[in-house]
Amino acid sequence: MENVMELPTKAEQKAAKKSLESFFDISESLDKRKKTISIEVNDNEDQRIEVPAKVFDMLKFILSNIAEGKAFSIIPLESELSTQQAADMLNVSRPFLVKQLEAGAIPFTKVGKHRRVLLQHLLEYKEQMEATREQALLNLSREAQELNLGY
């Protein structure tokens, strides 16, 4: 997996903001049942291409990020990540992630001596941790209310 990310230039941000307005206007009138959409490219030769309808939503996401000046990456769900890449995505240390892998919290494979984690498994783990965190916060706030701690 190659991960090339660079911040968009001011000119790119401006162009993305302008394009994004049109994308949202068009999005309102799109037939949600269509499986494909046509994109017309007006350059030296006018060309029209058919793309899956999901591409339209992805383009809106990309333009939104560029308009906000954010760097981003698109990674296939089936991608295998190194432990460092996985730790970076979770915003944890690599040793912490390795402990989670060895404890069985996240499935992984070994390639030689190196561990590899499927992005899909990593995202499932992240969702599970966020749900657990949310539940713990709800429990804490409920207890604080019951004990009249003023929160």
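Okay, so let's go over this structure.

The rules we used
- Residues numbered from 1 in each chain as written.
- Predicted model: local features only at pLDDT ≥ 70, side-chain atom pairs only at ≥ 80, totals over all residues.
- Heavy atoms only, no water.
- Helix = DSSP H or I, 4+ residues; strand = E, 2+ residues; numbered from the N terminus.
- Rg over C-alpha atoms; globule rule 2.2 N^0.38 Å.
- Buried < 20%, exposed > 50% of the residue type's maximum accessible area, 1.4 Å probe, protein only.
- Contact = heavy atoms within 4.5 Å.
- Areas by Shrake-Rupley, 256 points an atom, 1.4 Å probe, with all protein chains shown as cover.
- Axes fitted to C-alpha atoms, helices over the stretch in contact; angles between N-to-C directions.
- Parallel < 35°, antiparallel > 145°, perpendicular 65-115°, else oblique.
- Left-handed = near helix turned anticlockwise from the far one by under 90°.
- Patch = residues over 30% accessible without salt bridge, like charges linked within 9 Å, V, L, I, M, F, W, Y side chains within 5 Å.
- Salt bridge = Lys/Arg side-chain N within 4 Å of Asp/Glu carboxyl O.
- Phe/Tyr/Trp six-rings, centres within 6.5 Å; stacked < 30°, edge-to-face > 60°.
- Pairing = 2+ DSSP bridges.

## Quick look at the overall build of the protein chain
Here comes step 1: Counting its regular elements, the protein chain contains 5 helices and 5 strands.
Here comes step 2: For the protein chain, the sequential pattern of α-helices and β-strands runs α-β-β-α-β-α-α-β-β-α.
Here comes step 3: At 22 Å, the protein chain has a C-alpha radius of gyration far larger than the 15 Å of a compact globule built from 151 residues.
Here comes step 4: Taken along the three principal axes of its C-alpha coordinates, the protein chain extends 65 × 55 × 35 Å.
Here comes step 5: Across the 151 residues of the protein chain, 21% fall into the buried class.
Here comes step 6: For the protein chain, long-range pairs separated by at least 24 residues make up 52% of all intrachain contacts whose partners lie at least 6 apart in sequence.
Here comes step 7: When the accessible surface of the protein chain is summed, it comes to about 11,700 Å², and 53% of that surface belongs to carbon and sulfur atoms.

## So, the packing of helix 3 (residues 83-90) against helix 5 (residues 119-146)
Here comes step 1: At a minimum axis distance of 11 Å, the contact between helix 3 and helix 5 shows a crossing angle of 30°. By the criterion of interaxial angle, the relationship of helix 3 to helix 5 is roughly parallel. In the crossing of helix 3 with helix 5, the sense of the turn from one axis to the other is right-handed. Contact with helix 3, carried on its side by Ala-86, Met-89 and Leu-90, involves Leu-119, Leu-122, Tyr-125 and Lys-126 of helix 5 and no other residues of that element.

## Some words on a nonpolar patch on the surface
Here comes step 1: Judged by side-chain polarity, Leu-77, Met-89 and Leu-123 come together as a nonpolar surface patch covering roughly 220 Å² of accessible area.
Here comes step 2: Checked against the element boundaries, Leu-123 lands in helix 5.
Here comes step 3: A relative accessible area of 32% places Leu-123 in the partly exposed class.

## Considering the packing of aromatic side chains
Here comes step 1: Taken as a whole and assessed by the stated rule, the structure comprises 2 aromatic pairs.
Here comes step 2: On the basis of an interplanar angle of 20° and a centroid distance of 4.8 Å, the ring pair of Phe-23 and Phe-56 is categorised as stacked. In this pair, Phe-23 is assigned in helix 1 (residues 10-29) and Phe-56 in helix 2 (residues 53-67), connecting sequence segments 33 residues apart. This pair shows no difference in class: Phe-23 is buried, exactly as Phe-56 is.

## A closer look at the sheet that holds strand 4 (residues 109-111)
Remark on secondary structure: sheet strands pair via backbone hydrogen bonds, oriented parallel or antiparallel.
Here comes step 1: On the basis of which strands lie adjacent, the open sheet formed by 3 strands has the order 3-5-4 and antiparallel pairing. The sheet is open, and its two borders are formed by strand 3 (80-82) and strand 4, each paired with just one other strand. Strand-to-strand twist of the sheet, defined as the mean angle between neighbouring strand axes without regard to direction, takes the value 45°.
Here comes step 2: Judged from the 3 bridges that link them, strand 4 and strand 5 (residues 114-118) form a sheet pairing that is antiparallel. Residue pairing for strand 5: Thr-109 is matched across the bridge by Arg-116.
Here comes step 3: Across the sheet, helix 3 lies against strand 3 and strand 5, angled at about 90° from strand 3, the strand it touches most.

## Some details on the environment of Lys-60
Here comes step 1: With respect to the helices, strands and loops of the structure, Lys-60 is situated in helix 2.
Here comes step 2: Classification of Lys-60 as buried rests on a relative accessible area of 14%.
Here comes step 3: When the C-alpha atoms of Lys-60 and Phe-23 are compared, they prove to be 6.6 Å apart, with 37 residues separating the residues in sequence.
Here comes step 4: Setting aside residues up to four positions removed in sequence, Lys-60 forms contacts with Leu-20, Phe-23, Phe-24 and Ser-27.

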